[in-house]
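# Descriptive structure summary
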Amino acid sequence: MILKGEPPQDILACQHHLGAGESIRIAIPGRSLLSHPPSVVSDFQTGVPVGKDPIFTGAGTLGVALDIGTTTVAMLLAELASGKVLAKATALNAQVSRGDNVLTRIHLCQTDKANIGHLKDDFWKKTFHPLLRDLFQQSGSAIADVAGVAVAGNTTMLHLACGEDPTPLGMVPFTPVFLDQREFTGDRFGLPREARVIFLPGISAYVGADISAGAACCGVRYGDTPQLLVDVGTNGEILLCGPKGNLACATAAGPAFEGCGLLCGMRAARGVVGKISLHADPFGADFETIGGPCDSPHGITGSAYVDFLAEGRGVGLLEENGRFDRRVVEDNPAHFRQENDGLSFLLSPDLPDLRIGEVDVALLLQAKAAIAAGIETLLALQGLTATGVGRVFLAGGFGLHLSIPNAIACRLLPGFTVDQISAVGNTSLGGAYLAMLDRSLADEMADLDAETIELNLDPGFEDRYLDHLALP
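Residues numbered from 1 in each chain as written. Predicted model: local features only at pLDDT ≥ 70, side-chain atom pairs only at ≥ 80, totals over all residues. Heavy atoms only, no water.

## Observations concerning the overall build of the chain
Rules: The secondary structure listing takes helices from DSSP runs of H or I that are at least 4 residues long and strands from runs of E that are at least 2 residues long, numbered from the N terminus. In this treatment the radius of gyration is a C-alpha quantity, and the globule benchmark scales as 2.2 Å times the residue count to the 0.38 power. Exposure is judged per residue with a 1.4 Å probe applied to protein chains only, and the accessible area is read against the type maximum: over 50% gives exposed, under 20% gives buried, and values in between give partly exposed. We call two residues in contact whenever any of their non-hydrogen atoms come within 4.5 Å of each other. Per-residue and other accessible areas follow the Shrake-Rupley method at a 1.4 Å probe size, with only the shown protein chains counted as cover for residues. This count recognises Lys and Arg as positive and Asp and Glu as negative, with His and chain-terminal groups excluded. Every charge is mapped to an atom, namely NZ of Lys, CZ of Arg, CG of Asp or CD of Glu.
If you tally the helices and strands in the chain, you get 11 helices and 21 strands. What you see for the chain is a C-alpha radius of gyration of 23 Å, in line with the 23 Å of a compact globule of 472 residues. Once the C-alpha set of the chain is aligned to its principal axes, its extents read approximately 85 × 50 × 45 Å. Across the 472 residues that make up the chain, the buried fraction comes to 53%. Restricting the contact set of the chain to residue pairs at least 6 apart, pairs at least 24 apart contribute 66%. Of the roughly 19,900 Å² of accessible surface on the chain, a fraction of 52% belongs to carbon and sulfur atoms. In the chain, which carries 33 positive and 54 negative side-chain charges, the distance between the mean positions of the two groups comes to 5 Å.

Structure (structure tokens):
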């Protein structure tokens, strides 16, 4: 509610009494009207209504939503008037060839400023434009149809995409060049000049526009009980909206849950193992491949690795420290193989190259511990336990295929119950999609007031991290 003649301010309309002759103006966003139901897109779920007030104007009738992840990039093409999604595409971020995490890429730019341009080109020329051509091929559209691109992603990725030096993000006091919404003409990025490219607002150096977009997408700020958003990506960003306000953090989970750095790790695709179950008598594994049975599976997804952590511990294969129990190995030699850096477990003796190594497990435990310790640190600062959280929104592409019971069992999501958790997919992409359809969402993202917690300064984080390196 806005009082006439005064600057905008937040007022509880139900408690405000009008004085004599006082007039007011009440602004209601279009997306809050009942005529605008929540959108549903297969790669993400939304929890807010959306109005029809596109952020782009001009001749083009289509918009591109873009999520720039440290490891993977996701895009979709949609009609601005209707919100209809015409095409979707994903790919590895080509910047991975120069480093698989944000700190490595920041260091590259610090040591040689030419790498700022190289990393920018890696994204736009080697990742974005090939994906854009894929979208056009799927939809039969052309570049002239695109009015603009709405961009979400972590703060480092947005700096590199803009061609800004991310070096200040890697040094105390971790000062971003920008966090606010930025807008450019398309010719800066190889698009027609008439197209607009809008970078959505972020929160801090290590909690970026992917989280502000995700928060807007799933409505995490508006629950009657504390709400938690966990983005299980390389940057491991977490937002807790609780009784003491909004707290956020980023924890260095690394790319293990996206399959990078593992013997057989792959992103979700047809023919890749998406689920694993283990049995003790007779000892062995059953697995399912995405898209149906496959004679020669290509690899293993992050969700299947979470299955392995939980089920491996459950059947006695994995010890508390993640090593294989040597008694199980000796009793079942056909299921194991000696690698240069330890043993590996074969999902099937008939598929000797489809395996999970002890080194894989160590990397997965590090990623698990980073996420779990970050969650528990924010809960402790709010004076909460897991049981006090009303809803946990599990964001990230692999979360859609994740066995929630196994994620709880291996303590990736420590102390929660299945009923508390909703896997909502790529909410960063979802937030970018919603923002381009309704400009008020971008304003809402900018208004997200969250305190960012530096986990390395929290006295309890290291102990929590070390505790979670073990399997329960």
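## Quick look at the side chain of Thr127
In this fold, Thr127 is placed in helix H2 (residues 114–139). What makes Thr127 buried here is its relative accessible area of 2%. Leaving out residues up to four positions away in the same chain, Thr127 has contacts with Val73, Leu92, Asn93, Ala94 and Asp122.

## As for the nonpolar core
Our working definition: Nonpolar core, defined: a set of buried Ala, Val, Leu, Ile, Met, Phe, Trp, Tyr and Cys residues in which side-chain atoms within 4.5 Å join the residues together.
Among the nonpolar cores identified, the biggest contains 67 residues, and Phe199 and Met436 are the most heavily contacted of them. In terms of residues, this core owes the most to one element, H2, which gives 9 residues. Leave out the neighbours within four places in its chain, and Phe199 touches Trp124, Val151, Leu158, Ala161, Cys162, Asp180, Gln181, Arg182, Phe184 and Phe189.

## Observations regarding the packing of aromatic side chains
Note the threshold: For Phe, Tyr and Trp, where Trp contributes only its six-membered ring, two rings pair if their centres lie within 6.5 Å, and the inter-plane angle classes them as stacked under 30 degrees, edge-to-face over 60, or tilted in between. As a reminder, the over-ring test applies to NZ of lysine and CZ of arginine, requiring each to be within 6 Å of the ring centre and within 35 degrees of the ring normal.
Going through the model one piece at a time under the given rule, you end up with 14 aromatic pairs. The rings of Phe123, Trp124, Phe128, Phe184, Phe189 and Phe199 are connected pair by pair, giving a single aromatic cluster. A cation sits over an aromatic face here: Arg182 above Phe178, 4.3 Å from the ring centre.

## Comments concerning the layout of surface pockets
Rule in force here: Of the two site types, the cavity is a set of points on a 1 Å grid over the protein atoms alone where a 1.4 Å probe fits but cannot get out, and the pocket is an open set with protein on both sides within 12 Å along at least five of seven lines, each lined by residues with an atom within 4 Å of a point. Grid points are joined across faces, edges and corners, and a volume is the space filled by probe spheres set on the points. Note that Gly is not counted as nonpolar here; it falls among the polar residues with everything else outside the nonpolar set of Ala, Val, Leu, Ile, Met, Phe, Trp, Tyr, Cys and Pro and the charged set of Asp, Glu, Lys and Arg.
The calculated volume of the largest pocket comes to roughly 940 Å³. If you go around the largest pocket, you meet 41 residues; those closest to its centre are Thr72, Gly396, Gly397, Phe398 and Asn426. Those elements giving two or more residues to the lining of the largest pocket turn out to be strand S5 (62–68), strand S6 (72–79), strand S7 (85–92), helix H5 (302–314) and helix H9 (427–437). Tallied by class, residues from the lining of the largest pocket come to 13 nonpolar, 20 polar and 8 charged.

## Regarding unusual backbone geometry
For the peptide bond that leads from Val172 to Pro173, omega is 15°, which places it in the cis range. A positive phi angle, close to 55°, is found at Phe174, a residue other than glycine.

## Let's talk about the confidence of the model for the chain
Heads up, the rule is: Per-residue confidence from the predictor is reported as pLDDT, a score between 0 and 100.
Chain-level pLDDT for the chain is 87 on average; 92% of the residues reach the 70-or-more range. When mean pLDDT is compared element by element in the chain, strand S10 (residues 196–199) scores highest at 96, while strand S3 (residues 38–41) scores lowest at 42. In this model residues 1–5 is a low-confidence stretch, pLDDT under 50, and it forms 17 contacts with partners more than four residues away in sequence or in other chains. Confidence drops under a pLDDT of 50 for residues 29–41, and excluding neighbours within four residues, the segment shows 29 contacts in the predicted structure.

## Quick notes on empty space enclosed by the protein
Summed over the entire model, instances satisfying the criterion amount to 1 cavity of 30 Å³ or more. The computed volume of the largest cavity comes to approximately 50 Å³. As for the largest cavity, its lining consists of Thr155, Leu158, His159, Phe178, Leu179, Leu200, Pro201, Gly202 and Ala209. Within the lining of the largest cavity, the residues separate by chemical class into 6 nonpolar, 3 polar and no charged.

## Let's talk about the packing of H2 against helix H3 (residues 155–162)
What counts is decided by this rule: Simply put, an axis is a line fit to the C-alpha atoms, just over the touching stretch for a helix, and the angle between two N-to-C directions goes from 0 to 180 degrees. Orientation categories follow fixed angle ranges, with anything under 35 degrees roughly parallel, anything over 145 roughly antiparallel, 65 to 115 roughly perpendicular, and all other angles oblique.
Running from N to C, H2 and H3 cross one another at 90°; their axes reach a closest spacing of 7 Å. The pairing of H2 with H3 is recorded here as roughly perpendicular in orientation. Across the interface between the two elements, Leu119, Lys120, Phe123 and Trp124 of H2 pack against Leu160, Ala161 and Cys162 of H3. By residue class, the composition of the contact of H2 with H3 is 6 nonpolar, no polar and 1 charged.

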